[in-house]
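# Structural overview for review
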Amino acid sequence: MSRLRELMEELCPNGVEYRKLGEFLSRHTGMAITAGKMKELHIPNGEIRIFAAGNTFADVRESDIDKSAVIREPGIIVKSRGNIGFEYYTKPFSHKNEMWSYTCCDNATSLKYVYYMLEKNATYFQNKAKMGKLPQISIVDTENYEIPVPPLEIQNEIVKLLDNFTELTAELTAELTLRKKQYNFYRDSLLNFVRVDDTIIQTDRQTDRQAQRISKFGLWQKAFEVEWKALGEVAYYVRDRIETKNIHVDNYVGVETLLQDRAGRRVADSLPNVHTSIAFTHNDILIGNIRPYLKKIWMANCSGGTNGDVLTIRLNEGEKILHRYLYYTLSSNQFFHYDVTYSKGTKMPRGDKGAVMKYRIPVPPLEVQQKIVSILDRFDALCNDLTSGLPAEIAARKRQYEHYRDKLLTFPRSKLEECS
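Heads up: these notes are all about the structure in this document. (Residues numbered from 1 in each chain as written. Predicted model: local features only at pLDDT ≥ 70, side-chain atom pairs only at ≥ 80, totals over all residues. Heavy atoms only, no water.)

Moving on to the overall build of the protein. Looking only at helices and strands, the protein has 14 helices and 22 strands in total. Burial status across the protein gives 46% buried among its 420 residues. Within the protein, contacts between residues separated by at least 24 positions form 72% of all contacts whose residues are at least 6 apart in sequence. Only carbon and sulfur atoms are counted for the fraction: they give 49% of the accessible area of the protein, which is about 22,200 Å². (Helix = DSSP H or I, 4+ residues; strand = E, 2+ residues; numbered from the N terminus. Buried < 20%, exposed > 50% of the residue type's maximum accessible area, 1.4 Å probe, protein only. Contact = heavy atoms within 4.5 Å. Areas by Shrake-Rupley, 256 points an atom, 1.4 Å probe, with all protein chains shown as cover.)

In structure tokens:
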């Protein structure tokens, strides 16, 4: 930062010139290609990446597309429809011709610097896009957009600083991805039980392949009984009702507010226009019953209301099963594979409520359940806790990055420009 201050004082003590993007960047139109064709041509590790709206892309063979539409230098892809944004890409690429991209046309500009500047001001373009029926910006919106263009040495110093922040966040995100895979492995492994030679061991249900003995996880050293029960023997669907006027967005859960891949839930945008809702309470387990392959599940930490598209499951009183253990059992890949297998419908499949209650769960002694829950809770906190786990650290890094990005990319306009 001190080096940057020195450069600013030395190279632009009177402020920085502002220029329109169209004045110093080359614009590219991309290629005419349909989403269906992109899907057809997509192969793993293709030589050329073709971008479409949002986060959609296809990697294709160069021989399968029009080579004249391929851009072979670093570029900024303008995501001009739907989820408006920008992407910096350094390998050969193209994009649908409803979008456009920019490359450098002089030696006085760092394209990565321009990308960081556009990313910083993405909200400006997103707000501009909301003015129409379909969120969309036009070429004019970017061509006429002015950004400060300090000397190249300053641009490069800013890029170096922001790249360091970006790399730190990327490392944490990669670690979180690995931890989640580890979490999924342990959850599914710890909840598989079979007796071999009077010892309870783990097994892979799909192949019946013997895995590591459970004692290697430091859980237990002796044999114990595991009873298998149908879910309907130990729990039931909640049918209690609550007046919708007595709940609010903070404690209403719809299938759309449950997050994919067991990530919990978000706050609802609004309440349904119905007189009553299904009442849930603390420790109930809520499972999205539409498209069960999305693996939507949440263990309630409050009381509230939901609807018929969400299965609300409650343990019977007196069962020797921990609420948290049942939650982890129903979060397993085995359960969701079962749920998908018995779901009905093609476009919008729904889980079979009767089949769900027939799903058989292992019920080991309470002390074993508690040890399993203790291990999985630690993984869950590491992967999902927004106050202390990796997500919290990633969020803190992002806030730090955005703070310094906004600070680094704010320049006084040149006094010569102000006078002209």
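Back to the text.
Judged by nonpolar contacts, the single largest core of 41 residues is most densely connected at L231, I285, I287, I313, I321, L326 and L330. Of the residues forming this core, the biggest block, seven residues, is contributed by helix 12 (residues 366–384). One finds L4, L7, V78 and F411 within the second-largest nonpolar core, a separate group that totals 39 residues. (Core = buried A, V, L, I, M, F, W, Y, C linked by side-chain atoms within 4.5 Å.)

Summarising the element assignment, S332 is placed in the loop between helix 9 (323–331) and helix 10 (333–341). What makes S332 buried here is its relative accessible area of 3%. Within the structure, S332 has its side chain in polar contact with the backbone nitrogen of F335 (distance 3.2 Å). (Polar contact = N/O pair within 3.5 Å; in protein donor to acceptor, adjacent residues only side chain to side chain.)

Looking at the secondary structure, you find S101 in strand 8 (residues 100–104). Judged by its relative accessible area of 0%, S101 is buried. A polar side-chain atom of S101 sits 2.9 Å from a polar atom in the side chain of H95. In contact with S101, not counting residues within four places along its chain, are S26, R27, H28, I71, I76, I77, V78, F93 and H95.

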